[in-house]
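Spelled out, the chains give:
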Amino acid sequence: QVQLVESGGGLVQPGGSLRLSCAASRGIFGITSMGWYRQAPGKQRELVATITDGGSTNYADSVKGRFTISRDNTRNTPSLQMNGLKPEDTAVYYCDVKTWPAGNYWGQGTQVTVSS
């Protein structure tokens, strides 16, 4: 079973930046897409950004122009560059790797808090 571990979260002031990374416990095969999701207190988990194996990206409207997803080709996992952070970006961020036929792998999450 593959385990994913996110890192890079923390406390940042509004307007600041963070870069989230995701590490896998072993090699992942059959990747179809990967992405980042987030869950704020009292809210459902929501998509932040995804990137397909072919490199196509998709972003939530709320983060377009501020966040950039990329693929770490060494780790075969997604990274997320977050600029212009807002208090409403505060959430636990999860990395997700979709594979076929093995299915989805999720990390345990990393807390991002945007506050002055």
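Below you will find a few notes about this structure.

Calculation notes
Residues numbered from 1 in each chain as written. Predicted model: local features only at pLDDT ≥ 70, side-chain atom pairs only at ≥ 80, totals over all residues. Heavy atoms only, no water. Salt bridge = Lys/Arg side-chain N within 4 Å of Asp/Glu carboxyl O. Helix = DSSP H or I, 4+ residues; strand = E, 2+ residues; numbered from the N terminus. Buried < 20%, exposed > 50% of the residue type's maximum accessible area, 1.4 Å probe, protein only. Phe/Tyr/Trp six-rings, centres within 6.5 Å; stacked < 30°, edge-to-face > 60°. Lys NZ or Arg CZ within 6 Å of the ring centre and 35° of its normal.

## Details of the pattern of salt bridges
Think of it this way: side chains of opposite charge can pair up when their charged atoms draw near.
(1) Moving on: Inspection of every chain in the model, using the stated rule, returns 7 salt bridges.
(2) Moving on: Arg 66 is paired through a salt bridge with Asp 89; the nearest N and O atoms lie 2.7 Å apart. Highlighted residues: Arg 66 in the loop between β6 (57–59) and β7 (67–72) and Asp 89 in the loop between β8 (77–82) and β9 (91–99), separated in sequence by 23 residues. Here Arg 66 and Asp 89 have matching classes, each one buried.
(3) Moving on: The closest approach of N and O atoms between Lys 98 and Asp 96, which form a salt bridge, is 2.6 Å.
(4) Moving on: Classification of Lys 98 as partly exposed rests on a relative accessible area of 24%.
(5) Moving on: Under the relative-accessibility criterion, Asp 96 is labelled buried at 1%.

## Things to note about the packing of aromatic side chains
(1) Moving on: Following the criterion strictly, the structure yields 1 aromatic pair and no others.
(2) Moving on: With a centroid separation of 5.1 Å and 65° between ring planes, the pair formed by Tyr 37 and Trp 106 is classed as edge-to-face. Taken together, the residues span a long stretch of sequence, with Tyr 37 in strand β4 (residues 31–39) and Trp 106 in strand β10 (residues 103–106) at a distance of 69 residues.
(3) Moving on: Overall, the relative accessible area of 14% leaves Tyr 37 in the buried class.
(4) Moving on: Looking at Trp 106, the relative accessible area reads 31%, which means it is partly exposed.
(5) Moving on: In this structure, Arg 45 is placed above the aromatic ring of Tyr 94, and the distance from its NZ or CZ to the ring centre is 3.7 Å.

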